[in-house]
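# Coordinate analysis (summary)
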Amino acid sequence: MLHILTKAPDSDAAQQMLQAVGENDAIILTEAGVQAALHSEWGGFQLHSARIFLLAEDVTAWGLDDAVASQALTAVDIDGFIALTEQHVQTVTWY
Amino acid sequence: MLHILTKAPDSDAAQQMLQAVGENDAIILTEAGVQAALHSEWGGFQLHSARIFLLAEDVTAWGLDDAVASQALTAVDIDGFIALTEQHVQTVTWY
Amino acid sequence: MTEPNGLLVIIRHAPYASNLLREGLDTALVAAAFGQPVDLLFLGQGIMALLHEQGNGAPGQKASRPTMDMLEMYDIERLWTSQEALQALELEPSQLLGSVEVLEAKRLPDFLKSYSQILNF
Amino acid sequence: MTEPNGLLVIIRHAPYASNLLREGLDTALVAAAFGQPVDLLFLGQGIMALLHEQGNGAPGQKASRPTMDMLEMYDIERLWTSQEALQALELEPSQLLGSVEVLEAKRLPDFLKSYSQILNF
Amino acid sequence: MEYGLLVMGAPYTSPAPHSALRFAHTLLARGHQIGGVFFYHEGVHNASALMAPPQDELNLHKAWVELHNAHQVPLDVCIAAALRRGIMSEAEAKRHGKASFNLEAPFELTGLGQLLTLQQRCDRLITFA
Amino acid sequence: MEYGLLVMGAPYTSPAPHSALRFAHTLLARGHQIGGVFFYHEGVHNASALMAPPQDELNLHKAWVELHNAHQVPLDVCIAAALRRGIMSEAEAKRHGKASFNLEAPFELTGLGQLLTLQQRCDRLITFA
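Residues numbered from 1 in each chain as written. Chains lettered and ligands numbered in written order. Predicted model: local features only at pLDDT ≥ 70, side-chain atom pairs only at ≥ 80, totals over all residues. Heavy atoms only, no water.

Of the regular secondary structure elements, chain C holds four helices and five strands. The secondary structure elements of chain C, listed N-terminal to C-terminal, are β-α-β-α-β-α-β-α-β. Rg of the C-alpha trace for chain C: 14 Å, near the compact-globule value of 14 Å for 121 residues, within the 12% margin. On the principal axes, the C-alpha backbone points of chain C span a range of 40 × 30 × 25 Å. Of the roughly 4600 Å² of accessible surface on chain C, 48% is carried by carbon and sulfur atoms. Charged side chains of chain C number 8 positive and 15 negative; the gap between the two group centres comes to 4 Å. (Helix = DSSP H or I, 4+ residues; strand = E, 2+ residues; numbered from the N terminus. Rg over C-alpha atoms; globule rule 2.2 N^0.38 Å. Areas by Shrake-Rupley, 256 points an atom, 1.4 Å probe, with all protein chains shown as cover. Lys, Arg positive; Asp, Glu negative; His and termini not counted. Charge placed at Lys NZ, Arg CZ, Asp CG, Glu CD.)

Shown next as structure tokens:
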């Protein structure tokens, strides 16, 4: 399952998503979700760091390129976002 | 100053409001804000319990009459809400 | 919840605060009317729709309770929430509509995977 | 901030996420154009508008940075935020536009009272 | 006292317009005046003459018009917020080459200056959002 | 693969429509099909022919129409969500006694069943909200 988060990492949506993410799931952070790059201790990174992606266009718009680079997070462009939806039959958006 | 809270007690809006409330201010909880009645330990009650009011119509709509009664909170009707705005020159809504 | 064509509608927004609860319930009702098996999962603020003390609606706004009561008529019988979500609102199961079943949050990932389709409101 | 007719515009929503930041800034610019003294206070997600690394806008969406840059042209020179709000976002003052002044949160109540008018976005 | 109301929420999405209407009627019943209602942000949708809610729900557009007709309350709509959201008067529709429009009197398109004037002129400005 | 898109955010309030449009164009460039875009909740405002954003901002209504014209993507709008928010076709305007309308082809008013059909028919349903 692929989880799309469009709200900030301390939002209700983010907290609910973290409880719903399973072992083989992936997460893509888009829109306000890219702010997770500022919070290295965010629950998502603790549990699932290998499978978390940030949408590059949104990272740049929000001024967070440095934060993503310094934390060695994985940004993907919109082609990469689509590739993730190809790999997972089910996609759930948390907003 | 009168503060109107229209969002849940754990929202960004509520947290920001609590930092802005001064000693002689009052708070009225309306719309989703009435859910504070479920949380006796909410920061607002710790700091300012004497000056917190809940809008009665919204309490009833949200099904929280029992919670308000059991915690001995102060509900006011919309006339009481207006009376509060008469008493305070400045009103700020947190949403 | 193990039916191949099962739809899970997740409700995460409160009555009155937005129209998302209503629009989520409408989606569930239409799916059921089409003969699709539907369950509902209430998380976060969505749980406020389950309070049995829910009133007649805020003045001028339509209450959600009549729509909730229609669920059973459409054979939507399984309403779920999570233990942890209830605790966060400091609610007891006894304050909710009688038919709600409570999951542990750690079971949520497998619970979601048991549905072939999910819509999140 | 002690002028009798002073307006404080509080910005609490992020760029792109809604139009509230833009609409709050527009209000501040119009007030300034009318000759009213205006200060801005950024709290919570609103602080994201102050990052000096802010880009050219999300694709298709207008960037807020050009509007931020107009503030000074309209003599809106005092931009405030709170220490605690910055910490919650794990940001340092050095990551913000140079002109931002940082208040302690405990000073916020008196700060608000020093304005005769407040609009909260 | 004279009150100004600022409405920022859309009908059928936010409860803010309902709260504002109840507040307005009770204000008048208590003998206050309403200097004006200013619709901004998503609140501009209150002005849409095209809204057609189910019959068992309050028609908010109609409710504002009735408030105006009974008490001459000015209903001002921020023009910039309205145009980008698809709310326009006949005059603006002509200017933008549109064949139809959805805002008419007693709602009036106006600039943000009107909000600031309202705040300065009234004894109280209450925001519903 | 065949994708369905569900758009729940309003233009100029939520970034969701922008994200959905970018996603749609890139999908097609990668050789996928789009079975339909369904507009629900505040997303129905995307269908408003009356939106007139400033010239330096993308006109989202126009952008959806161009997507349709270039790739025949169906643009379905939930009728119940639309009517209460003031989005209506000429036929609905007549039925409701309104003098004007703001939704026209290629946008189509349709029931919620269309969303469920889209979800069942497509290989993927992606929600933008």
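Below, the discussion takes up the overall build of chain E. Along its length, chain E carries five helices and five strands. The N-to-C order of helical and strand elements in chain E reads β-α-β-α-β-α-α-β-α-β. Relative to a compact globule of 129 residues, whose C-alpha radius of gyration would be 14 Å, chain E shows 14 Å and is just as compact. Oriented by its inertia axes, the alpha-carbon framework of chain E measures out at about 45 × 35 × 25 Å. In chain E, which comprises 129 residues, the proportion classed as buried is 70%. Contacts in chain E between residues at least 24 apart in sequence constitute 75% of all its contacts with a sequence separation of at least 6. Accessible surface, chain E as shown: approximately 4300 Å² in total, 49% of it carbon and sulfur. Separation between the mean location of the 10 positive side-chain charges and that of the 11 negative ones in chain E comes to 5 Å. (Buried < 20%, exposed > 50% of the residue type's maximum accessible area, 1.4 Å probe, protein only. Contact = heavy atoms within 4.5 Å.)

The next thing to look at is the interface of chain F and chain E. Each side of the interface is counted separately: chain F has 22 residues, and chain E has 22 residues. F:E57 is the partner of E:R84 in a salt bridge, and the nearest nitrogen-oxygen pair spans 2.9 Å. Counting across the chain F and chain E interface gives 12 residue pairs in polar contact (both at pLDDT 80 or more). Residues that form the side of chain F that touches chain E fall into these classes: 10 nonpolar, seven polar and five charged. (Salt bridge = Lys/Arg side-chain N within 4 Å of Asp/Glu carboxyl O. Polar contact = N/O pair within 3.5 Å; in protein donor to acceptor, adjacent residues only side chain to side chain. Nonpolar A, V, L, I, M, F, W, Y, C, P; charged D, E, K, R; others polar.)

Residues and elements named next belong to chain B. In terms of burial, helix α5 (residues 78-87) is a largely internal element, seven of the 10 residues being buried. For α5, the set of buried residues is I78, G80, F81, I82, A83, L84 and T85. Looking at where α5 begins, the residue whose side-chain oxygen comes 3.1 Å from the main-chain nitrogen of D79 is D77.

Okay, the layout of surface pockets next. When its volume is computed, the second largest pocket comes out at roughly 390 Å³. Every residue lining the second largest pocket is counted, 20 residues in all, and those nearest its centre are A:D12, A:Q15, B:D10, C:G44 and C:A88. For the lining of the second largest pocket, the secondary structure elements donating two or more residues are α1 (12-20) of chain A together with α3 (83-88) of chain C. Sort the elements by how many residues they give to the lining of the second largest pocket and α1(A) lands first, with four residues. (1 Å grid on protein atoms, 1.4 Å probe; cavity = no way out; pocket = protein on both sides within 12 Å on 5 of 7 lines; lining within 4 Å. Points joined across faces, edges and corners; volume = space filled by probe spheres on them.)

Within a pair of aromatic rings, the relevant descriptors are the distance that separates the centres and the angle that separates the planes. Scanning all chains against the criterion turns up 22 aromatic pairs over all chains. With 5.3 Å between their ring centres and 70 degrees between their planes, D:F111 and D:Y115 make a pair best called edge-to-face. Exposure class is identical for D:F111 and D:Y115. Each is buried. Ring centres 5.1 Å apart and planes at 85 degrees place the aromatic pair E:F39 and E:W64 in the edge-to-face group. With E:F39 in strand β2 (residues 33-39) and E:W64 in helix α2 (residues 60-71), this residue pair connects regions lying 25 residues apart in the sequence. Here E:F39 matches E:W64 in class, with each residue buried. Cluster of aromatic residues (ring-pair linked, three or more members): A:F81, F:Y3, F:F23 and F:F128. (Phe/Tyr/Trp six-rings, centres within 6.5 Å; stacked < 30°, edge-to-face > 60°.)

Following the sequence through the fold, D:N19 ends up in the loop between β1 (7-11) and α1 (20-33). Ignoring any residue separated from it by four or fewer positions in sequence, one finds D:N19 in contact with E:H41, E:R84, E:R85, F:Y12 and F:T13.

Time to look at the arrangement of the chains. Contacts between protein chains span 12 pairs of chains, and they are most numerous for chains E and F. Without any contact between them, chain B and chain F keep their closest C-alpha atoms 15 Å apart.

Our focus in this paragraph is the sheet that holds strand β3 (residues 75-78) of chain E. The strands that make up a sheet are held in pairs by hydrogen bonds between backbone atoms, and each pair lies either parallel or antiparallel. Residue and element names in this part refer to chain E. Reading across from one edge, β4-β3-β2-β1-β5 is the order of the five strands in this open sheet, with parallel pairing throughout. Only two strands of the sheet have a single partner each, and these edge strands are β4 (107-110) and β5 (124-128). Each neighbouring strand pair of the sheet contributes to a mean axis angle of 25 degrees, computed without reference to strand direction. Two elements, strand β1 (residues 2-7) and β5, share five bridges in a ladder whose sense is parallel. Along β5, the bridge assignment pairs V7 with F128. (Pairing = 2+ DSSP bridges. Axes fitted to C-alpha atoms, helices over the stretch in contact; angles between N-to-C directions.)

As a further point, take the relation of the copies chain F and chain E. Superposition of the two copies of the chain requires a rotation about an axis together with a shift along that axis. Mapping chain F onto chain E calls for a rotation angle of 180 degrees and an axial translation of 0.0 Å; the resulting RMSD is 0.0 Å. What the superposition gives is, in effect, a two-fold axis relating one chain to the other. For chain F, the residue whose C-alpha comes nearest the rotation axis is F:S100, separated from it by 2.8 Å. A shared binding surface is used by both copies, with 100% of the interface residues of chain F retained as interface residues in chain E. (Least-squares fit on C-alpha atoms with pLDDT ≥ 70 in both.)

Further remarks concern the pattern of salt bridges. In a structure, side chains of opposite charge can pair up when their charged atoms sit close to one another. Enumeration according to the criterion identifies 28 salt bridges over all chains in this entry. For D:K62, the salt bridge is made with F:D56, and the minimal N-O distance between the two is 3.0 Å. Of this pair, D:K62 sits in the loop between β2 (38-42) and α2 (65-73) while F:D56 sits in the loop between β2 (33-39) and α2 (60-71), on two different chains. Overall, D:K62 belongs to the partly exposed group, its relative accessible area being 29%. Among the charged side chains, a network of salt bridges with common partners joins A:D79, A:E86 and F:R30.

On to unusual backbone geometry. Peptide bonds are mostly trans, and most non-glycine residues show a negative phi. Put simply, E:A105 and E:P106 share a cis peptide bond, and its omega is 10 degrees. The topology assignment puts E:P106 in the loop between α4 (90-95) and β4. Unlike most non-glycine residues, D:D75 shows phi in positive territory, near 65 degrees. Take D:D75: it is sitting in the loop between α2 and β3 (79-82).

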